[in-house]
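Inside the fold
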Amino acid sequence: MPENIAGLFSITDGNYSRWNYEYAYTWGHWFDLSIFNPFSGLGTTFWTNTPWLDPGALVLQLPLAALARITISYLIHLSLLLSSLYCLGRVAGASRLAILFAALVFVVMFFPPFTMRWNTIVHASIAPFRLVTMAAANFIICSLIIAAHGMRRHAFVTAIAVGVMALFWGVYASATYFIFDLMVVGGFAVVLLGSAPHRMRLLASAALIAAAFVATGMAGYVDAL
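Presented here is a report on the structure given in the accompanying data block. For every chain, the first residue of its written sequence is number 1, and the numbers climb from 1 along that sequence. Given that this is a predicted model, residues contribute local features only at a pLDDT of at least 70 and side-chain atom pairs are listed and counted only at 80 or more, while totals for whole chains, interfaces and linings are drawn from all residues. Excluding hydrogens and water, the side-chain figures rest on all heavy atoms present in the structure.

Re the overall build of the protein chain
Definition in use: Strands here are runs of E lasting at least two residues and helices are runs of H or I lasting at least four, both read from the DSSP assignment and numbered beginning at the N terminus. Using C-alpha atoms as the atom set, the radius of gyration is obtained and then compared with a globule rule of 2.2 Å times the number of residues to the power 0.38. Exposed residues in this analysis have more than 50% of their type's maximum accessible area, buried residues have under 20%, and partly exposed residues fall in between, with area computed by a 1.4 Å probe over protein chains only. When checking whether two residues touch, look at their non-hydrogen atoms; a contact exists if any pair is within 4.5 Å. Areas reported here follow the Shrake-Rupley algorithm with a probe of radius 1.4 Å; residue values treat only the protein chains shown as occluding. Charge counting treats Lys and Arg as positive and Asp and Glu as negative, with His and both chain ends excluded. Every charge is mapped onto a representative atom, which is NZ of Lys, CZ of Arg, CG of Asp or CD of Glu.
A tally of helices and strands in the protein chain yields 10 helices and 0 strands. Taking 17 Å as the expected radius of gyration for a compact globule of 225 residues, we find that the protein chain reaches 18 Å, a close match to that expectation. With the C-alpha coordinates of the protein chain rotated into their principal frame, the extents come out at 50 × 40 × 30 Å. Looking at the 225 residues of the protein chain, the share that counts as buried comes to 45%. Restricting the contact set of the protein chain to residue pairs at least 6 apart, pairs at least 24 apart contribute 68%. With an accessible surface of roughly 11,200 Å², the protein chain has 73% of that area assigned to carbon and sulfur atoms. For the protein chain, the centre of its 10 positive side-chain charges and the centre of its 7 negative side-chain charges are spaced 22 Å apart.

Laid out in structure tokens, this is it:
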């Protein structure tokens, strides 16, 4: 259902997301936050996106039939989010059955075509890159949990490595919208701080991830927008 609100890259926003990748790859420079080009503007009307580390965007450039590219793209986006949910559940101590249940609830409630049945939010239909930024945010939360509760010898190093890599992944998957996911990450960091057995390790990890955020140039990107 390519033109249905519960379809794949559907209606105006979904088609625009696909078109946005085309002009980003044509006029943008890889791993450059300043991808302003002849079609750039403010907000989402002319969205200065950074799809460099979004595999679901890259696959749309393959020489395949349009529906095949779109379907593969959606499966990639979904698999990345579900992988992050699995890792988040495991480091938080959830059982595999609980993680599977949570993943199925997400698919049934928020993924096309099920959104047509429930009238739930259709971001996964019109803006599947949001699944990638959510996945990156989930991995950052994983890193904070490891820093706060990890008992292994190299927990601190692991937390920083996972957090910084996830941060860069989110920035270069969709910098504009990743900002909103980082607000959620910040909320989880505050919650963890209230009960963390290793508060200093958590604070140090969060500070280093924040420093990496500044180093990406995101402050200038947001200011330009």
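Some remarks on the packing of aromatic side chains
This is how it is decided: Two rings from Phe, Tyr or Trp (for Trp, the six-membered ring) form a pair when their centres sit within 6.5 Å of each other. Planes less than 30 degrees apart are called stacked, planes more than 60 degrees apart edge-to-face, and all others tilted.
What the rule picks out here adds up to 13 aromatic pairs. Ring geometry for Tyr74 against Phe111: centres 5.8 Å apart, planes inclined by 70°, an arrangement best described as edge-to-face. Within this pair, whereas Tyr74 is found in helix α3 (residues 66-91), its partner Phe111 is found in the loop between α4 (96-110) and α5 (115-118), the two being separated by 37 residues in sequence. Tyr74 gets classed as buried once you look at its relative accessible area, which sits at 3%. Each ring, one from Tyr177 and one from Phe180, has its centre 6.1 Å from the other, and the planes form 50°; the classification is tilted.

Focus: the nonpolar core
This is how the line gets drawn: Note on terminology: a nonpolar core comprises buried Ala, Val, Leu, Ile, Met, Phe, Trp, Tyr and Cys residues joined through side-chain atoms within 4.5 Å.
By size, the foremost hydrophobic cluster in this structure holds 53 residues, and its most contacted members are Tyr21, Leu33, Phe111, Ile140, Leu144 and Phe178. Sorting the residues of this core by element identifies α1 (11-27), α3, α4, α6 (123-126), α7 (129-149), α8 (155-195), α9 (199-215) and α10 (218-224) as the ones contributing at least two each. Ranked by the residues each element gives to this core, the list is headed by α7, at 13 residues. Excluding anything up to four places from it in sequence, Ile140 contacts Gly163, Ala166, Leu167, Phe178, Leu182, Val185 and Ile209.

With respect to a nonpolar patch on the surface
Note the cut-off: In this scheme, patches are assembled from residues that exceed 30% relative accessible area and form no salt bridge. Like charges are connected within 9 Å, while nonpolar side chains (Val, Leu, Ile, Met, Phe, Trp, Tyr) are connected within 5 Å. Salt bridges are identified by distance alone: a Lys or Arg side-chain nitrogen within 4 Å of an Asp or Glu carboxyl oxygen.
Together, Trp30, Phe31, Leu53 and Leu58 give the surface a local cluster of nonpolar side chains, amounting to about 360 Å² of exposed area. Mapped onto the elements of the fold, Trp30 is located in the loop between α1 and α2 (55-58).

Structural notes on the packing of α7 against α9
Each pair of packed helices gets described by two things: the angle between the helix axes and the distance between those axes. Stated precisely, the cut-off is as follows: Only the stretch in contact is used when a helix axis is fitted, and all axes are lines through C-alpha atoms; the angle between N-to-C directions ranges over 0 to 180 degrees. An angle counts as roughly parallel when it lies under 35 degrees, as roughly antiparallel when it exceeds 145, as roughly perpendicular when it falls between 65 and 115, and as oblique in every other case. In the scheme used here, Gly and all other residues not listed as nonpolar or charged are polar, with Ala, Val, Leu, Ile, Met, Phe, Trp, Tyr, Cys and Pro taken as nonpolar and Asp, Glu, Lys and Arg as charged.
Packing of α7 against α9 brings their axes to within 7 Å, and their N-to-C directions diverge by 150°. Taken as axis vectors, α7 and α9 run roughly antiparallel relative to one another. Touching Ile140, Ser143, Leu144, Ile146, Ala147, Ala148 and His149 of α7 are Arg201, Leu202, Ser205, Ala206 and Ile209, all from α9. Counted by class, the contact of α7 with α9 contains 8 nonpolar, 3 polar and 1 charged residues.

Some details on the packing of α3 against α4
Test applied: The hand of a helix crossing depends on one turn: near helix anticlockwise from the far one by less than a right angle means left-handed, and clockwise means right-handed.
Relative to each other, α3 and α4 sit at 145°, their axes nearing to 10 Å. Remark: the crossing between α3 and α4 carries right-handed chirality. Residues Leu78, Leu81, Leu82, Leu85, Tyr86, Gly89 and Arg90 of α3 touch α4, and the partners they reach there are Arg96, Ile99, Ala103, Phe106 and Val107. Residues of the contact of α3 with α4, tallied by class, amount to 9 nonpolar, 1 polar and 2 charged.

A look at α9
Stated formally: Multiplying one less than the number of residues by 1.5 Å gives the expected span of a helix. Comment: arc refers to directions from the helix axis out to C-beta atoms.
With 17 residues, α9 ought to run about 24 Å at 1.5 Å a step, and its terminal C-alpha atoms sit 24 Å apart, in line with that. Along α9, the positions that sit buried rather than exposed are Arg201, Leu202, Ser205, Ile209 and Ala212. All buried residues of α9 lie within an arc of 100° about the axis, which places them on one face of the element. For α9, the exposed residues lying more than 90 degrees away from the buried face are Met200 and Val214. Buried residues belonging to α9 abut α7 and α8. Phi turns positive, to about 90°, at Gly217, one or two residues after α9.

Here's the deal with α7
With 21 residues, α7 extends 30 Å between its outermost C-alpha atoms, agreeing within 8% with the 30 Å of an ideal straight helix rising 1.5 Å per residue. In terms of burial, α7 is largely enclosed, as 19 of its 21 residues are buried.

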